[in-house]
Amino acid sequence: MTRELMGGLLAILLGGGYFAMALQIRASALADTVGPAGLPKVLALLMIFLGLVLSAQALLSGRRKSRPAAEPASAADADADADPGDEIQGGLAGLARAGGLLAIGIGYLLIVRTVGYVPAIAALIVAATLYGGAALSWRVFAIGIAGAVLYYTLFVLMLGIPLPAGHLISLF
Amino acid sequence: MQSAEILVTTPAILMACIGVAWGILGGALPGISPSITMALLLPFTYTLEPTSALILLASSYVGAEYGGSIPAILIRTPGTNAAAATVIDGYEMNRQGKAGLALGISLYSGVIGSLFGLLMLVVLSEPLSRVALSFRPPSYFALGILGLSVIVTLSGGSLVKAMIAGIFGLMVATVGTDPVTGGNRFTFGTADLLGGIEPVLIMVGLFAVSELLVQATQKDTTIRVESTARIEFPGWKLARRLLPAQMIGNVVGTFEGVMPGAGGTVASFIAYNEAKRWSRHKDEFGKGSPEGIAAPETANNTVSATAIIPLLAFGIPGSNSTAVLLGGFLIHGITVGPMIFVKSADVVHGLYGGLFVASIAQLIIGIMMMAPCIWLVNRPRAYLNAFIFALIFSGVFSIHQSLFDLSLVLGAGVVGFFMRMLKIPFLPTVLGLVLGYLVESNYRRALVISGGDHSIFLTDPISLGLLVVAALFIAGSLGRTLLETMKSRRTALN
């Protein structure tokens, strides 16, 4: 499946889901002629239409590409949708790497209320640095702790923003 | 006069200097665009008073445009897209041992560009906004549609994808309270969504988080800057020679800044080409021509001010960076558009004053920031990205002390990542998000006035004119796409 086709199908799915939710919007006694669900329904239909157009474009261009390819496809042709200008590299492995960074972010969300801002942000810096390819050494941990203290100083002490103190602190 | 008073009575001067310094650092980091640099600052602006907040953001835009030229000249890697044209002659000058002079020309031309752009901003914004003062609900609706159409057609790439992006932005804007009845839509029973999704969260997610996710897929190809170059300003004779190229940069930057969707990158390349065409030293271009640096650097710095004109006059941001600046206005409850010159004139005048300070301060801060920039560019990407990630988490949490906001930002980052993978542009989404309320509320208000009769959009002359222009933009873009498709088919058949 090409990326264009994937984009088209996602748009159709998004439009369909959004339309289904728009149908559930309750009509109000104060409603005007359009109503609260009016624009959402129009947007959903437009999204589905554009998704169909994008999918059709992808299928047509795929057929056009496959026509002259009567000769056997070489390994280099395997990924017909590959684009040398792609920012996202490494195929599925690249996606997994991005997912790993996202998981570090989610991990921070899960622990910050419990352990508090300084340990959580230090852990985030250390984890993201190691995940980014830095060698495991005491320096990474030292920089993580220094970064956490720096951000604590900036946000809490200088800007007066209350960042989570954490539940663990109440145990001491 | 009012600008000067605001500058003295608020921390505006300090904010302008901090903004420029931050912008230079962000611009100097390859991969960190001016819009990301500004988006990272957004959370900090919540605690500031409006004028200082906007000066901080706008000044960082000014600084980022110069910052982008530092790695362009020293390591042949533009820090920002707009600095790509500077690579051509900037790096050549560096190879000839004139890196200091190349950086000096870039900085000096940037100051000229920023000041000229500011002049245009002051002269053009208010008269243009007066046109919009006679707008009624149908005209505002049509203006929103025109803004979206222009951005969709000028985003580059597939028109269908840009339209999908714009509609997606409008969809996100419908989350929260309905603007007419006050009922809830798409809130999933969550109190956090009752007030809608704040554009600032989506912008930080789309611009900054998606960039970190994309960089996670790439290998660290950091090139070390070995240069110890000191900035050297051009002498009188060279300054006179640079003047025509800078004037070209000013004119091109003004035109491209006002045109939504064009931006600093297009301006830089057009200015470079025009400077080459009109130069007496054409043969030097590409071999280390000082004019080859002056023209694009003047143009992209001019754009940093003139891109604000459509934002202030009509409430329509024409680029990613001005969309982030709009986020700054929204944070402080300031509605941009024609009424801003009546309701928040002090903020606008303060912004002018702050931009003036930023433009001048750029000269000194540019010299001072040289060493920190080189130090930062040389840091391993893993450390830099980890600190940016932590900054996003700390900054976004500080807005409402809400972990829900952080999950929204992460979600927007994932959406941005896939949009980049599918080559769907961000700007129409951001514009759809910020214009969604304007479009829907004025559409429905107009229909309430007309008793449900849609012909109101055609009988209101301003609305009709704007809708015709919007239709022309879409039709023109469709026609161009069809012609290109036919041409490529003909080429394939031959």
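Up top is the structure these notes are about.
What you are looking at is a predicted structure, and each value in this text was computed from that prediction instead of being measured. (Residues numbered from 1 in each chain as written. Chains lettered and ligands numbered in written order. Predicted model: local features only at pLDDT ≥ 70, side-chain atom pairs only at ≥ 80, totals over all residues. Heavy atoms only, no water.)

**Describing the overall build of chain A**
- From N to C terminus, chain A includes 5 helices and 0 strands.
- Traced from its N-terminal end to its C-terminal end, chain A shows the element sequence α-α-α-α-α.
- In chain A, which comprises 172 residues, the proportion classed as buried is 33%.
- Expressed as a percentage of contacts within chain A between residues at least 6 apart in sequence, the contacts between residues at least 24 apart total 63%.
- For chain A, the accessible surface area stands at approximately 10,100 Å², while carbon and sulfur atoms represent 70% of it. (Helix = DSSP H or I, 4+ residues; strand = E, 2+ residues; numbered from the N terminus. Buried < 20%, exposed > 50% of the residue type's maximum accessible area, 1.4 Å probe, protein only. Contact = heavy atoms within 4.5 Å. Areas by Shrake-Rupley, 256 points an atom, 1.4 Å probe, with all protein chains shown as cover.)

**With respect to the nonpolar core**
- Counting 188 residues, the largest nonpolar core has A:Tyr108, B:Leu312, B:Leu325, B:Phe329, B:Phe389, B:Ile392 and B:Phe393 as its most contacted members.
- It is helix H10 (residues 199-216) of chain B that provides the largest number of residues to this core, a total of 13 residues.
- Both domains that furnish three or more residues to this core are identified here as domain 1 (3-75) and domain 2 (95-171) of chain A.
- Contacts of B:Phe329, omitting those with residues within four sequence positions, involve B:Leu54, B:Leu311, B:Leu312, B:Ile334, B:Val336, B:Ile340 and B:Leu351.
- Residues A:Val126, A:Val140, B:Ala382 and B:Tyr383 belong to the second largest nonpolar core, which totals 5 residues. (Core = buried A, V, L, I, M, F, W, Y, C linked by side-chain atoms within 4.5 Å. Domains from an automatic or database assignment.)

**Overview of the interface of chain A and chain B**
- Facing 71 residues of chain A, the contacting portion of chain B comprises 56 residues.
- Interface of chain A and chain B: buried area, both sides summed, is about 5,600 Å²; carbon and sulfur atoms make up 78% of it.
- On the surface where chain A and chain B come into contact, there are 7 residue pairs in polar contact (both at pLDDT 80 or more).
- At the level of secondary structure, the elements contributing two or more residues to the side of chain A that touches chain B comprise helix H1 (3-23), helix H2 (38-66), helix H3 (91-115), helix H4 (117-131) and helix H5 (138-158) of chain A.
- Its residues assigned to classes, the side of chain A that touches chain B comprises 47 nonpolar, 15 polar and 9 charged. (Buried area = accessible area lost by both parts, 1.4 Å probe. Polar contact = N/O pair within 3.5 Å; in protein donor to acceptor, adjacent residues only side chain to side chain. Nonpolar A, V, L, I, M, F, W, Y, C, P; charged D, E, K, R; others polar.)

**Remarks on the side chain of B:Thr153**
Residues and elements named next belong to chain B.
- Position of Thr153 among the secondary structure elements: in helix H8 (residues 137-154).
- Within the structure, Thr153 has its side chain in polar contact with the backbone oxygen of Ser149 (distance 2.9 Å).
- Polar contacts involving the side chain of Thr153 include one to the main-chain carbonyl oxygen of Val150, which spans 3.0 Å.
- Ignoring anything within four residues of it in the chain, the contact list for Thr153 reads Leu159, Phe473, Ile474, Ser477 and Arg480.

**Topic: a nonpolar patch on the surface**
All names here are of chain A.
- A surface patch of nonpolar side chains, about 460 Å² in accessible area, is lined by Val118, Tyr152, Leu157, Met158 and Leu159.
- Among the elements that take part in the nonpolar patch, H5 stands out by supplying 3 residues, more than any other.
- Note that Met158 resides in helix H5. (Patch = residues over 30% accessible without salt bridge, like charges linked within 9 Å, V, L, I, M, F, W, Y side chains within 5 Å. Salt bridge = Lys/Arg side-chain N within 4 Å of Asp/Glu carboxyl O.)

**Topic: unusual backbone geometry**
Residues and elements named next belong to chain B.
- Although it is not a glycine, Phe186 sits at a positive phi angle of roughly 50 degrees.
- Within the secondary structure layout, Phe186 lies in the loop between strand E2 (184-185) and H10.
- Classification of Phe186 by relative accessible area gives buried; the value is 9%.
- We note that Phe188 has phi near 50 degrees; this positive angle belongs to a residue other than glycine.
- When you line up the elements, Phe188 lands in the loop between E2 and H10.
- Its relative accessible area of 60% is what places Phe188 among the exposed residues.

**So, the pattern of salt bridges**
All names here are of chain B.
- Inspection of the entire model under this criterion finds 11 salt bridges over all chains.
- Where Arg185 meets Asp178, a salt bridge forms, and the shortest distance between an N and an O atom there is 3.6 Å.
- Judged by relative accessible area, which is 1%, Arg185 ranks as buried.
- Arg444 is the partner of Glu440 in a salt bridge, and the nearest nitrogen-oxygen pair spans 2.9 Å.

**Regarding the environment of B:Tyr46**
- Looking at where B:Tyr46 falls in the secondary structure, it is placed in the loop between helix H3 (34-41) and helix H4 (50-67).
- If we skip the residues at most four places from it in the chain, B:Tyr46 touches B:Glu198, B:Val200, B:Ile331, B:His332, B:Ile399 and B:His400.

**Quick word on helix H6 (residues 84-95) of chain B**
Residues and elements named next belong to chain B.
- Taking 1.5 Å of rise per residue, the 12 residues of H6 would be expected to cover 16 Å, and the 17 Å separating its terminal C-alpha atoms lies within 8% of that figure.
- All of the buried residues along H6 are Ala85, Thr86, Val87, Asp89, Gly90, Met93 and Asn94.
- Phi turns positive, to about 80 degrees, at Gly97, one or two residues after H6. (Expected span 1.5 Å × (residues − 1).)

Everything listed here is a matter of coordinates, which is why it stays silent on function.
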